[in-house]
Amino acid sequence: MSLLDPKIWTGSVFSGGWKNSSGGDAAVVEPATGAELGRTGIADARDVAGATQQAATAQREWAETSFEQRAAVLRRAGQLFEEKAEEIQGWIIRESGSTPGKAGFETYVAAQECYEAATLPSQALGEILPTVKKRLSLARRRPAGVVGVIAPFNVPLILSIRSVAPALALGNSVVLKPDPRTAVCGGVVLARVFEEAGLPEGVLHMLPGGADAGEALVTDPLVRIISFTGSTAAGRKVGELAARHLKRAHLELGGNSALVILGDADLDLAVGAGTWGAYFHQGQVCMTTGRHLVHESVAQEYVARLAAKADSLTVGDPATTDVALGPIIDAAQRDKIHSLVTASVDAGARLVSGGTYEELFYRPTVLSGVTPQSPAYAQEVFGPVAPVMSFSSLDEAAKLAADSEYGLSLGILTRDVMKAMALSERIPSGIVHINDQTIDDEPVAPFGGVGASGTGARFGGATANIEAFTETQWVTMQGDIAGYPL
């Protein structure tokens, strides 16, 4: 039997085993063709409540499991992502509209996330503290309990596993709510991998669902931490609900990242970087290069070369054709992209290439002559659109790049890396890449943004993951009971 045999999960959620959900089921749709690939269960608030009860009970025993056993489960999960990569990639391609290269990247990172998480159980989770009394005083990290993970459609496997793996490794149980549009590659895959890896029943739950299930997860009293990846608008609601219920929410939200190209940059390489940053996975990535800021001495040539590159890129069904870009996830997202492009052109921007679509296949687009008020420049497009604006000085470049509510990723291209470093210090951003584009992520590096992009670096690397998914407990010990004057 294959890892993802539909007989296992059709019409079901994963919560103490595979079972029917209270919320019914929904079609798994291939965006490139509109074909139904299967049906998954859809959870509602009743399913969430049942899952958190089971998760809270199972978590206590899981936390007491030896660090060696927990690490072994994570290592086996990593091996399964490698062994079953081809099958998993097929679902990522068809269900999320990814190209094979992007799907391969997801399975590679998923395995690495598990291997890195496997190192966490044996980390030194505490420190000895000074104390004015004659006693031992220490701070130690304890599992938080039940962790709720809400993950989006765009990079479904990575954006689920990067929270699920470290949370489990550190002794927590997890209730995962993947986006229903990518319920298989963002949810079923993880449930099946950890089921086969030997994770005890009840420690991981997988509940695809809508906003009602998400709200139930955030407000459930048994859930202590929420790890949310998604839009800024949705993240604000999650953060407000979590604060009202006195629980931590790690929010990785939207972006409108700038790529700053100085006049001395190698233009051929700059165009290549700008193309990748703008059009990778149809621009449906939070780190997408949404603003191309180019020195006026090379701006005209950059636009011409970028447009020529965009015109040469192939768009189509990545499951059947070797293409550079696949489909947009659904019609609502496509229409949002197109409305931002047309509104920008109506406001005076020049459409240099693209700006057209057939069904869900949107052509890579270049806009020049944009202003800070152009909708496709000012807002997160989440599509294959590259707005280009010129600048005349470093002061202007810094001002333009910093003039955004978002602060996720920043790229600066130049032959003078020290100049780039100084420039980066003037631009609020959770991530800075000098001589690279804006899309990059590694399991060993902390990831997160500032401002409307979220609540900071909460994923990746031992320090960030331990901080994210544990609670600090102060403990003192002394040989005799203390005496007091009262």
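These figures come from a predicted structure and were not determined experimentally. (Residues numbered from 1 in each chain as written. Predicted model: local features only at pLDDT ≥ 70, side-chain atom pairs only at ≥ 80, totals over all residues. Heavy atoms only, no water.)

Asks: I keep staring at the overall build of the chain and nothing clicks. Help me out?
Replies: A count of helical and extended segments in the chain gives 16 helices and 23 strands. Taking 486 residues into account, the globule formula puts the C-alpha radius of gyration at 23 Å, and the chain, at 24 Å, falls close to it. Judged by the C-alpha coordinates and their principal axes, the chain covers about 75 × 60 × 40 Å. Expressed as a percentage of its 486 residues, the buried residues of the chain come to 57%. Counting only contacts in the chain whose residues sit at least 6 apart along the sequence, the fraction spanning at least 24 positions is 71%. Carbon and sulfur atoms provide 52% of the accessible area of the chain, an area that totals close to 19600 Å². Put simply, the chain has 39 plus and 54 minus side-chain charges, and the middle of one group is 7 Å from the middle of the other. (Helix = DSSP H or I, 4+ residues; strand = E, 2+ residues; numbered from the N terminus. Rg over C-alpha atoms; globule rule 2.2 N^0.38 Å. Buried < 20%, exposed > 50% of the residue type's maximum accessible area, 1.4 Å probe, protein only. Contact = heavy atoms within 4.5 Å. Areas by Shrake-Rupley, 256 points an atom, 1.4 Å probe, with all protein chains shown as cover. Lys, Arg positive; Asp, Glu negative; His and termini not counted. Charge placed at Lys NZ, Arg CZ, Asp CG, Glu CD.)

Asks: For this particular structure, what's the right way to read the sheet that holds strand 5 (residues 126–129)?
Replies: Strand order across the open sheet formed by three strands is 5-6-23, with antiparallel pairing between neighbours. Of all strands in the sheet, those bounded by a partner on one side alone are strand 5 and strand 23 (470–477). The mean inter-strand angle of the sheet, taken between neighbouring strand axes irrespective of direction, is 20°. Direction of pairing for strand 5 relative to strand 6 (residues 136–143): antiparallel, over a ladder of four bridges. Paired with G126 across the bridge in strand 6 is R140. (Pairing = 2+ DSSP bridges. Axes fitted to C-alpha atoms, helices over the stretch in contact; angles between N-to-C directions.)

Asks: Would you explain the nonpolar core in this entry?
Replies: Proteins that are soluble and globular tend to have nonpolar side chains buried together. The biggest cluster of nonpolar side chains holds 57 residues, and the ones touching the most others in it are F81, V164, V174 and F194. For this core, the leading source of residues is helix 7 (residues 184–197), giving nine residues. With residues near it in sequence (within four places) discarded, F81 still touches I88, T107, A110, A111, C114, L157, I161, V189 and V193. Core analysis: the second largest hydrophobic core is formed by 27 residues, V260, L367, V370 and F391 among them. (Core = buried A, V, L, I, M, F, W, Y, C linked by side-chain atoms within 4.5 Å.)

Asks: Can you walk me through unusual backbone geometry in this structure?
Replies: Backbone geometry follows two general trends: most residues other than glycine have a negative phi, and most peptide bonds adopt the trans configuration. With phi around 55°, E359 is a residue other than glycine that occupies positive phi space. Of note, E359 is situated in the loop between strand 15 (357–358) and strand 16 (361–362). Residue E359 is classed as exposed on the basis of its relative accessible area of 60%. With a phi close to 60°, F382 is a non-glycine residue in the positive phi region.

Asks: What is the right way to read the sheet that holds strand 14 (residues 350–353) from this model?
Replies: The strands that make up a sheet are held in pairs by hydrogen bonds between backbone atoms, and each pair lies either parallel or antiparallel. Strand order in the open sheet formed by seven strands is 14-17-18-13-12-20-21, and the pairing between neighbours is mixed. The open sheet is flanked by strand 14 and strand 21 (431–434), the only strands paired with a single partner. Each strand axis lies, on average, 25° off the axis of its neighbour in the sheet, ignoring direction. As paired strands, strand 17 (residues 365–368) and strand 18 (residues 385–391) are joined by three bridges and run parallel to one another. Bridging from a neighbouring strand, L367 pairs with P387 of strand 18.

Asks: Teacher, can you tell me more about a nonpolar patch on the surface here?
Replies: A cluster of nonpolar side chains, I128, L136 and M477, forms an exposed patch at the surface whose accessible area comes to about 290 Å². In this structure, I128 sits in strand 5. (Patch = residues over 30% accessible without salt bridge, like charges linked within 9 Å, V, L, I, M, F, W, Y side chains within 5 Å. Salt bridge = Lys/Arg side-chain N within 4 Å of Asp/Glu carboxyl O.)

Asks: Explain helix 4 (residues 85–96) here, please?
Replies: Owing to its 3.6 residues per turn, the α-helix brings residues three or four apart onto one side. An ideal rise of 1.5 Å per residue puts 16 Å on 12 residues; helix 4 measures up with 16 Å between its terminal C-alpha atoms. Buried within helix 4 are the following residues: A85, I88, W91, I92, I93, E95 and S96. Positive backbone phi, approximately 75°, marks G97, located one or two places after helix 4. (Expected span 1.5 Å × (residues − 1).)

Asks: I'm lost on the side chain of T99 in this one. Help?
Replies: Its location among the elements puts T99 in the loop between helix 4 and helix 5 (100–117). Residue T99 is classed as buried on the basis of its relative accessible area of 15%. Leaving out residues up to four positions away in the same chain, T99 has contacts with I93, P318, V323, A324, L325 and G326.

Asks: I tried to follow the state of the cysteines on my own but got confused; where do I start?
Replies: Between two cysteines, a covalent bond joining their sulfur atoms is known as a disulfide. All told, the structure shown has zero disulfides when counted by the stated rule. No disulfide involves C114; its nearest neighbouring cysteine sulfur is the one of C185, lying 16 Å away. (Disulfide = S-S within 2.5 Å.)

Asks: So what exactly am I meant to see when it comes to the side chain of T107 here?
Replies: In this fold, T107 is placed in helix 5. Other than its neighbours up to four places away in sequence, T107 contacts F81, A85, I88, Q89, I92 and L157.

Asks: Explanation requested: the pattern of salt bridges in the structure shown.
Replies: As a working rule, side chains carrying opposite charge can pair if their charged atoms are close by. Here the structure, examined in full by the defined rule, presents 17 salt bridges. In this structure, R39 engages D25 in a salt bridge whose closest nitrogen and oxygen atoms are separated by 3.4 Å. Separated by 14 residues along the polypeptide, R39 in strand 4 (residues 36–41) and D25 in strand 3 (residues 25–29) bring together distant segments of the chain. Residues E195 and R192 are paired through a salt bridge, measuring 2.8 Å at the closest nitrogen-oxygen approach.

Nothing here speaks to function; it is all geometry.
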